[in-house]
Amino acid sequence: MGQTGSHDQNRRYAEAARHYGAAIERLARGYEADAELQRDLVQEIHAALWRSYLYFEGQCSERSWVYRIAHNVAVSHMIVRQRVKRQTLAGLDEVELIPDGRDLEQEAGDRWIVERLLATIHRLASADRQVMLLYLEDLSAAEIGDVTGMSAGAVSVRIHRVKALLAKLHSDKEDIA
Amino acid sequence: MSDPDRVKQAWQTSVRAPALPSLAAVRADVDGFRRKARRENASVFAVQSAMILGGLVAAFLAPTDLLRIGAAMVAVGGVVSAWQFRRRVSTGPVPEGAEAEPLLLYQRAQLAGQRDAAANVFLCFHLPAIPGGFMVMIGLMLHDGTRPHPHLPPTAWIGVMLAQAACLAVGWLGMRRGARRLQKKIDAIDQLIKPER
């Protein structure tokens, strides 16, 4: 039997979708490289988000709520995908920025950064990937701890490594430009 | 602006105006996921029903007492297997509120569910069928229920039974290995979770 949802549920979902729609799409790109599956993942996240407004009563900030829902759906998606395609993932301290052999002069600077960033994110182990994606969305260390459930120490170590990785990415781009 | 902040900005401006799904499409997806979970469970129950029905029919029609007893035991094994599946392994929609758990706790719960399912597959699906299967094999081995089959030496039947046992053992060890691998991932998450939780 289908569900139509209450007016309040639909309204709160629509507001969240408008506000966080771009972040959800970026998150899906961070988890899933295949464009078709990215669209499926975005749809899955929106479905879970709509469903979640049945029982959201301010248990945490709305921002944390949306990111928790979105990342949890993405994690389930990745668990299913890993059964199909096994791939070796690396930690923040081991991962190398993916070398790029294309003609970089033809690429706009930001697009080049984002593409290399995505290639790196796709190789990260799950917990490191979550911290990286949340950091890129401007969440504070405390908010990242709230969304992930990770200890403050573990978040801080990862943010430190993420910053070093992003600085290296930027300096690589400057060297090439 | 620092270098990491510049990269952050490039990331955040990489998607500005997403194509949002319509409310109708979102609702249809929610229903679709529920239907998919129901279909997956239904397909397992269909296999188990076939095992029960086949066992019951053979329990009446088989030519010897041993085969009839074996077939009845297979049917009972099917009932036990269906009951165990419903109790331990069947997938339903994610419980309300679970998706809003902090994500490492959610991920841990998902992995623990998979680990338990892997550990229980042998118990749920293979073990209940073994006594009935063994009895059927004995029934086939004995030509008319009392004497060995004239064309096949007893060693051939022993070979078949040993091969079946080896297949079950390999499957069981594989599942145990999978469960151990999942446990390692759970242990890694436990290291990251807040100590006060």
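Residues numbered from 1 in each chain as written. Chains lettered and ligands numbered in written order. Predicted model: local features only at pLDDT ≥ 70, side-chain atom pairs only at ≥ 80, totals over all residues. Heavy atoms only, no water.

**Regarding the overall build of chain A**
Stated formally: Only DSSP runs of H or I with at least four residues qualify as helices, and only runs of E with at least two residues qualify as strands; both kinds are numbered from the N terminus onward. Contact between two residues is taken to exist if any of their heavy atoms lie within 4.5 Å; hydrogens are not considered. Surface exposure here means Shrake-Rupley accessible area, sampled with a 1.4 Å probe, where a residue is shielded only by the protein chains that are shown.
Secondary structure summary: chain A contains seven helices and zero strands in total. In sequence order, the secondary structure elements of chain A are arranged as α-α-α-α-α-α-α. Partitioning the contacts of chain A with sequence separation of at least 6, the portion at a separation of at least 24 is 69%. In the form shown here, chain A has an accessible surface area of approximately 8000 Å², with 50% of it arising from carbon and sulfur atoms.

**Description of the nonpolar core**
One recurring pattern in soluble globular proteins: nonpolar side chains tend to sit buried together. Residue and element names in this part refer to chain A. We apply this condition: Nine residue types can take part in a nonpolar core, namely buried Ala, Val, Leu, Ile, Met, Phe, Trp, Tyr and Cys, and a core is a set of them joined through side-chain atoms within 4.5 Å. Categorising residues by exposure relies on relative accessible area from a 1.4 Å probe, with only protein chains included: less than 20% of the type maximum marks a residue as buried, more than 50% marks it as exposed, and the intermediate range marks it as partly exposed.
Core analysis: the largest hydrophobic core is formed by 70 residues, its most contacted members being L117 and M132. The greatest single-element share of this core, amounting to ten residues, is contributed by helix α3 (residues 62–84). Not counting residues up to four positions away in its chain, the partners in contact with M132 are L117, I121, L124, V162, L165 and L166.

**Some details on a nonpolar patch on the surface**
Residues and elements named next belong to chain B. Inclusion rule: In this scheme, patches are assembled from residues that exceed 30% relative accessible area and form no salt bridge. Like charges are connected within 9 Å, while nonpolar side chains (Val, Leu, Ile, Met, Phe, Trp, Tyr) are connected within 5 Å. The rule for a salt bridge is simple: a side-chain nitrogen of Lys or Arg has to be within 4 Å of a carboxyl oxygen of Asp or Glu.
A grouping of L53, V57, F60 and L61 is seen on the molecular surface, where their side chains present a nonpolar patch of about 490 Å² in accessible area. Within the fold, L61 resides in helix α2 (residues 23–61). Residue L61 is classed as exposed on the basis of its relative accessible area of 67%.

**Considerations on a positive patch on the surface**
Stated precisely, the cut-off is as follows: The charge count treats Lys and Arg as positive and Asp and Glu as negative. His and the chain ends do not count. The location of each charge is read from NZ of Lys, CZ of Arg, CG of Asp or CD of Glu.
Taken together, the side chains of R176, R177, R180, R181, K184 and K185 of chain B present a region of like positive charge at the surface. Mapped onto the elements, R181 of chain B comes out in helix α6 (residues 154–192).

**Regarding the packing of helix α1 (residues 7–31) of chain A against helix α2 (residues 35–52) of chain A**
All names here are of chain A. Rules: Axis lines are fitted to C-alpha atoms, over the contacting stretch for helices. Their N-to-C directions set the angle, which ranges from 0 to 180 degrees. With respect to orientation, any angle under 35 degrees is reported as roughly parallel, any angle over 145 as roughly antiparallel, any angle of 65 to 115 as roughly perpendicular, and every other angle as oblique. Here a crossing is called left-handed whenever its near helix is offset anticlockwise from the far helix by less than a right angle, and right-handed whenever the offset is clockwise.
At a closest axis distance of 9 Å, the pairing of α1 and α2 adopts a crossing angle of 150°. Classified by the interaxial angle, the pair formed by α1 and α2 is roughly antiparallel. The handedness of the crossing between α1 and α2 is right-handed. Packed against α1, whose contacting residues are Q9, N10, Y13, A16, A17, I24, E25, L27, A28, R29 and Y31, the element α2 presents Q38, L41, V42, I45, H46, L49, W50 and R51 at the interface.

**Remarks on the interface of chain A and chain B**
Inclusion rule: What counts as buried area is the accessible surface, traced by a 1.4 Å probe, that two parts surrender upon association, with contributions from both included. In protein, a polar contact means a hydrogen-donor-capable atom and an acceptor-capable atom, both N or O and within 3.5 Å, with residues adjacent in sequence counting only if both atoms are side-chain atoms; elsewhere, any N or O pair within 3.5 Å suffices. Following the grouping adopted for this structure description, the nonpolar residues are Ala, Val, Leu, Ile, Met, Phe, Trp, Tyr, Cys and Pro, the charged ones are Asp, Glu, Lys and Arg, and the polar ones are all others, Gly among them.
Counting residues at the interface gives 61 residues for chain A, matched by 49 residues for chain B. Summing the contributions of chain A and of chain B, the shared interface buries around 4800 Å²; its carbon and sulfur component is 60%. Together, R26, R51 and N72 of chain A form the three largest contributors to the area buried by chain A at its contact with chain B, with a combined 13%. Taking the shortest distance from any N to any O, the salt bridge between K8 of chain B and D138 of chain A comes out at 3.0 Å. For the pair chain A and chain B, the interface holds seven residue pairs in polar contact (both at pLDDT 80 or more). Class assignment for the residues of the side of chain A that touches chain B results in 28 nonpolar, 18 polar and 15 charged.

**Notes on the confidence of the model for chain B**
This is how the line gets drawn: Each residue gets a pLDDT score, which is the predictor's confidence in that residue and runs from 0 to 100.
Confidence along chain B averages 79 in pLDDT terms, with 87% of residues attaining 70 or more. If you check the scores for this complex, the pTM reads 0.68 and the ipTM reads 0.78.

**What to know about the packing of aromatic side chains**
Our working rule: Planes of paired rings set the category: under 30 degrees apart is stacked, over 60 is edge-to-face and the rest tilted, where pairs are Phe, Tyr or Trp rings (Trp by its six-membered ring) whose centres lie within 6.5 Å. The criterion for a charge sitting over a ring is simple: Lys NZ or Arg CZ within 6 Å of the ring centre, and within 35 degrees of the ring normal.
A complete count under the given rule lists three aromatic pairs over all chains for this structure. Taking the centre distance of 6.1 Å and the plane angle of 75° together, the rings of Y20 of chain A and Y67 of chain A count as edge-to-face. Here the residue Y20 of chain A occupies a position in helix α1, and Y67 of chain A occupies one in helix α3, the gap between them amounting to 47 residues. Y67 of chain A matches Y20 of chain A in its accessibility class, with the two residues each being buried. Measuring from centroid to centroid gives 5.8 Å for Y53 of chain A and F56 of chain A, while their planes differ by 90°, and the two rings are edge-to-face. Members of the aromatic cluster, connected to one another through ring pairs, are Y53, F56 and W65 of chain A. If you follow K8 of chain B out to its NZ or CZ, it ends over the ring of Y135 of chain A, 4.0 Å from the centre.

**Focus: the packing of helix α5 (residues 130–141) of chain B against α6 of chain B**
All names here are of chain B. It is at 11 Å that the axes of α5 and α6 come closest, and there the two elements cross at 165°. When the axis of α5 is compared with that of α6, the two are roughly antiparallel. Here α5 and α6 pass one another in a crossing that is right-handed. For the pair α5 and α6, the contacting residues are I130, F134, M137, I138, L140 and M141 in the first and W157, V160, M161, Q164 and L168 in the second. A breakdown of the residues in the contact of α5 with α6 according to their chemical character gives ten nonpolar, one polar and no charged.

**Side note on the pattern of salt bridges**
Side-chain pairs of opposite charge can arise whenever the charged atoms involved come near each other. All names here are of chain A. With the rule as written, the count across this model stands at 13 salt bridges over all chains. In this structure, the salt-bridge partner of D128 is R158, at a minimum N-O distance of 2.7 Å. Here D128, found in helix α5 (residues 126–136), pairs with R158, found in helix α7 (residues 152–176); they are 30 residues apart in sequence, far enough to count as distant. Its relative accessible area of 6% is what places D128 among the buried residues.

**Some thoughts on unusual backbone geometry**
All names here are of chain A. With phi around 75°, D138 is a residue other than glycine that occupies positive phi space. Tracing the chain through its elements places D138 in the loop between α5 and α6 (141–148). Judged by relative accessible area, D138 falls into the partly exposed class, the value being 42%.

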